[in-house]
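The chain contents come next:
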Amino acid sequence: MTVGLKAYGAYIPRLRLSRKAIAEANAWFNPAVMGLAKGERAICNWDEDSLTMAVEAARDCLTSARLDKGSTSSVTGVTFASTTLPFDDRQNAGIVAVALNLDESIVTMDFAGSQRAGTSGVLNSLRNAANGDSLFVTADKRRTQTSGPQELQFGDAAAAFTVGSDDLIAEYLGGSQLSIDFVDHYRGSDSKYDYNWEERWIRDEGYFKIAPRAIRAAMEDTGIDIDSVDHFIMPTLIRGVPQKIADAAGIASETVRDNLQAQVGHAGTAHPLLMLVDCLQDANPGQTIVVIGWGQGCDVLVFRTTEALLSLSPRQGVKGYLARRKEETNYNRYLSFNNLLDQDRGIRAELDAPTALSALYRNRDMVLGFVGGKCRICGTVQYPKTRACVSPNCGAFNSQDPHPFAEIPATVQSWTADNLTYSPDPPTHFGMVVFDEGGRLMADMTDVSPGEVEVGMPVKMVFRRRGVDDKRGFIKYFWKATPDHTAGENP
């Protein structure tokens with residue numbers, strides 16, 4: 001049976017921190033970082049993390065799939081790969097599934113433990129594609145110590161794919177896996193940051209000796225000619241390594257893909273698959289793509305694009321989210337968003353608001369899935385869903401069917417910017433949001449600056465952190481409104 005990729009999606013946060021701002025703040029202590037002070041890196045807003053990015057990448061993938069197929073009922077599983085999962089002992093893939101309103105009968109699974117978890121997770125999904133279509137998502141938001149090179153090199157991002165056996169945009173031809181405990185970096189269970197080993201050792205003993213072996217094995221497995229490779233994807237922070245690996249394997253140097261370092265930074269587990277999304281947005285049918293995943297060994301995946309790639313409905317992908325950017329030059333804001341500063345947040349931040357887990361469970365579709373109701377008697381749409389229809393001309397009881405709101409366009413009816421309410425990024429923007437199909441909500445707004453919000457502005461809903469219960473280590477998620485810069489575009 002032929003298996004492969006059916007659709008793709010990506011997510012890159014709007015904020016891009018200037019590397020020059022990072023270097024200038026730390027050059028007094030570590031002048032060497034000035035050598036990395038070019039370009040920018042993607043950084044999460046204060047209310048974003050690996051899970052919220054995964055949801056948005058999956059929506060980019062599945063929303064377009066809904067346009068293509070009209071439904072996501074064929075999805076039988078969700079796999080979420082990351083080394084920065086928000087919960088150590090709560091299934092993160094399960095939260096993704098609820099946020100996407102997928103059926104409770106699907107199989108959910110977290111993949112972690114290595115930067116290779118992304119490519120290994122895709123391989124696992126491909127091997128199980130005979131059991132039905134599945135969704136694979138990967139994201140990373142890695143914390144770094146200040147003044148070190150990783151602070152400039154890393155970036156936050158996510159990628160997503162639907163995997164199956166029909167209507168494929170890229171067929172999986174085969175590949176190889178090597179499991180070798182070569183430790184280029186690690187993070188212990190009690191550590192906040194990665195510990196990195198010496199670069200030359202990683203390059204000479206790691207990449208140069210392990211990756212060519214894995215590529216040769218993949219070529220033998222697929223039986224394709226090395227000269228037929230059109231795109232070579234190998235993310236690494238060490239300059240020149242992908243080109244030398246390609247040369248060693250006999251792959252043409254012009255096939256080596258840009259690693260997105262200048263615009264995004266290295267997104268950890270997600271990065272090889274983020275590059276694959278970027279590649280698919282450029283590729284033509286009939287092209288061969290080789291993807292390398294690295295981390296305590298090496299994965300090699302070989303795909304060949306199909307004619308279906310041309311008919312895939314448009315999506316944001318890497319290129320769309322690269323265009324949706326806002327430069328951030330305030331280094332202290334970045335430190336604050338990542339809890340790298342011990343701030344005096346004031347009395348208004350001293351709010352102990354534990355989450356009633358029983359109430360969250362009973363209302364999980366409403367809170368995490370953003371599901372309201374639609375009256376089957378009069379057609380009135382409302383959020384939240386209640387026993388009685390809110391229409392004054394109806395008022396029917398128990399007449400509402402579940403009605404998802406996340407994908408419905410909306411506009412701002414009224415708004416305010418509040419400097420009294422505590423926010424990690426003041427002022428707090430919120431207002432009344434009216435949905436095109438009916439229904440309205442007093443919603444928090446995110447990814448906006450003073451002066452950017454106005455009445456009548458198109459907005460879309462995004463899955464974000466609502467708050468963090470630091471005392472109990474619980475993260476609260478909900479939906480917020482953000483400017484919809486694609487409103488009016490033809491999908």
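Residue numbering note: each chain is counted from 1, following its sequence as written. Only residues with pLDDT of at least 70 are given local features in this predicted model, and only at 80 or more are side-chain atom pairs given and counted; all residues enter the totals for whole chains, interfaces and linings. Just so you know, side-chain values use all the structure's heavy atoms and leave hydrogens and water out.

Caption draft 1: Here's a closer look at the overall build of the chain. Helical segments are the DSSP runs of H or I of at least four residues, strand segments are the runs of E of at least two, and each set is numbered from the N terminus. Each helix and strand counted, the chain has 13 helices and 22 strands in total. Over its C-alpha atoms the chain spans a radius of gyration of 23 Å, differing by no more than 12% from the 23 Å that the globule rule assigns to 491 residues. When the backbone C-alpha atoms are referred to their principal axes, the chain occupies close to 75 × 60 × 40 Å. Remark: exposure states derive from per-residue accessible area (1.4 Å probe, protein chains only) relative to the maximum for the residue type, with buried under 20%, exposed over 50%, and partly exposed in between. Looking at the 491 residues of the chain, the share that counts as buried comes to 54%. When we talk radius of gyration, it's over C-alpha atoms, and the globule rule is simply 2.2 Å times the number of residues to the 0.38.

Caption draft 2: Structural context of the side chain of Q400. Turning to its location among the elements, Q400 is positioned in strand β17 (residues 400-404). By relative accessible area, Q400 is classed as buried at 6%. Reaching out from Q400, the side chain makes a polar contact with the backbone oxygen of T386 at a distance of 2.9 Å. Residue contacts are defined here by distance: any two heavy atoms, one from each residue, within 4.5 Å place the two residues in contact. If near-sequence neighbours (up to four positions away) are discounted, Q400 is found in contact with G373, K374, C375, R376, Q382, K385, T386, A388 and C389. Polar contacts here mean pairs of N or O atoms no more than 3.5 Å apart (in protein, one a potential hydrogen donor and the other a potential acceptor; neighbouring residues in sequence count only if both atoms are side-chain atoms).

Caption draft 3: Representation of the packing of aromatic side chains within the structure. Whether two aromatic rings pair depends on their centres lying within 6.5 Å, for rings of Phe, Tyr and Trp, where Trp uses its six-membered ring; planes under 30 degrees apart make the pair stacked, over 60 edge-to-face, and the rest tilted. Tallied over the full model, the rule gives 19 aromatic pairs. One aromatic cluster is present, formed by F370, Y383, F405, F435, F463, Y477, F478 and W479 through successive ring pairs. Taking NZ or CZ as reference, R364 lies 4.2 Å from the ring centre of Y361, over its face. Whether a charge sits over a ring comes down to the Lys NZ or Arg CZ being within 6 Å of the ring centre and within 35 degrees of the ring normal.

Caption draft 4: Structural detail: the domain arrangement of the chain. Domain ranges listed in this record stem from an automatic or a database domain assignment. Along its sequence, the chain is organised into domain 1 (4-337) and domain 2 (353-370 + 405-483). Between domain 1 and domain 2, the C-alpha centre-to-centre distance is 28 Å. Interface area, domain 1 with domain 2, both sides summed: about 2400 Å², of which 46% is carbon and sulfur. Together, W46, D47 and R59 form the three largest contributors to the area buried by domain 1 at its contact with domain 2, with a combined 25%. Put simply, a salt bridge is a Lys or Arg side-chain nitrogen that is within 4 Å of an Asp or Glu carboxyl oxygen. Counting every contact that joins domain 1 to domain 2 gives nine salt bridges. By buried area we mean how much accessible surface two parts lose on assembly, using a 1.4 Å probe and totalling the loss over both.

Caption draft 5: Spotlight on the pairing of strand β12 (residues 288-294). Judged by how many residues are buried, β12 sits mostly within the fold: seven of seven residues are covered. Both faces of β12 are covered, namely the face carrying T288, V290, I292 and W294 and the face carrying I289, V291 and G293. By the convention used here, strands pair only if DSSP detects at least 2 bridges between them. Sheet topology places strand β11 (residues 229-233) next to β12; four bridges connect them, and they run parallel. Note on β12: the bridge partner recorded for I233 is V291. Here β12 runs beside strand β13 (residues 297-305); their pairing, made up of seven bridges, is antiparallel. Bridged to G293 within β13 is D299. In this antiparallel pair of consecutive strands, β12 and β13, the connection spans two residues, and G295 shows a positive phi of 150°.

Caption draft 6: Structural view of unusual backbone geometry. For the bond from Y383 to P384, the omega torsion is 5°, close enough to zero to count as cis. Within the element layout of this structure, P384 appears in the loop between β16 (381-382) and β17. Of note, the amide linkage connecting P426 to P427 takes the cis form, showing an omega dihedral of 0°. Assignment of secondary structure puts P427 in the loop between β18 (410-418) and β19 (428-435). Positive phi, close to 65°, is recorded for L260, a residue that is not glycine. Turning to its location among the elements, L260 is positioned in the loop between α7 (241-249) and α8 (271-282). The phi dihedral of F370 is positive, around 55°, even though this residue is not glycine. Within the secondary structure, F370 sits in the loop between α13 (364-367) and β15 (371-375).

Caption draft 7: Region of interest: α7. Those residues of α7 lying buried are V241, P242, I245, A246 and A249. Down the axis of α7, the sector holding all buried residues measures 135°, keeping them to one side. The exposed set on the far side of α7, more than 90 degrees from its buried face, consists of K244, D247 and A248. Those residues of α7 that are buried lie in contact with α6 (199-222) and β11. Looking one or two residues past α7, G250 carries a phi angle of roughly 85°, positive in sign. The reported arc concerns the directions from the helix axis to the C-beta atoms and nothing else.

Caption draft 8: Quick peek at the environment of L276. For L276, the position within the fold is in helix α8. You can call L276 buried: its relative accessible area is 1%. For the pair L276 and V291, spaced 15 residues apart in the sequence, the C-alpha separation amounts to 7.3 Å.

Caption draft 9: Expanded view of the packing of α6 against α7. Taken N-terminus to C-terminus, the directions of α6 and α7 make an angle of 45°; their axes are 10 Å apart at the nearest point. Here α6 lies oblique to α7, going by the angle between them. Relative to α7, α6 is oriented so that their crossing is right-handed. Where α6 approaches α7, its residues R203, Y207, F208, A211, P212 and I215 are matched on the opposing element by V241, K244, I245, A248 and A249. Basically, the charged four are Asp, Glu, Lys and Arg, the nonpolar ten are Ala, Val, Leu, Ile, Met, Phe, Trp, Tyr, Cys and Pro, and anything else, Gly included, counts as polar. Among the residues forming the contact of α6 with α7, the class breakdown is nine nonpolar, no polar and two charged. Each axis is a line fitted through C-alpha atoms, and for a helix only the stretch in contact is used; angles between axes span 0 to 180 degrees, taken between their N-to-C directions. Working rule for angles: under 35 degrees goes down as roughly parallel, over 145 as roughly antiparallel, 65 to 115 as roughly perpendicular, anything else as oblique. Left-handed is the label given to a crossing in which the near helix is rotated counterclockwise from the far helix by less than a right angle, and right-handed is the label when the rotation is clockwise.

Caption draft 10: Local environment of the sheet that holds β16. The three strands are arranged β16-β15-β17 in an open sheet whose pairing can be described as antiparallel. Of all the strands in the sheet, just β16 and β17 have a single pairing partner and so form its edges. Both β15 and β16 contribute to a ladder of two bridges, which runs antiparallel. Counterpart to K374 in the pairing with β16 is V381.

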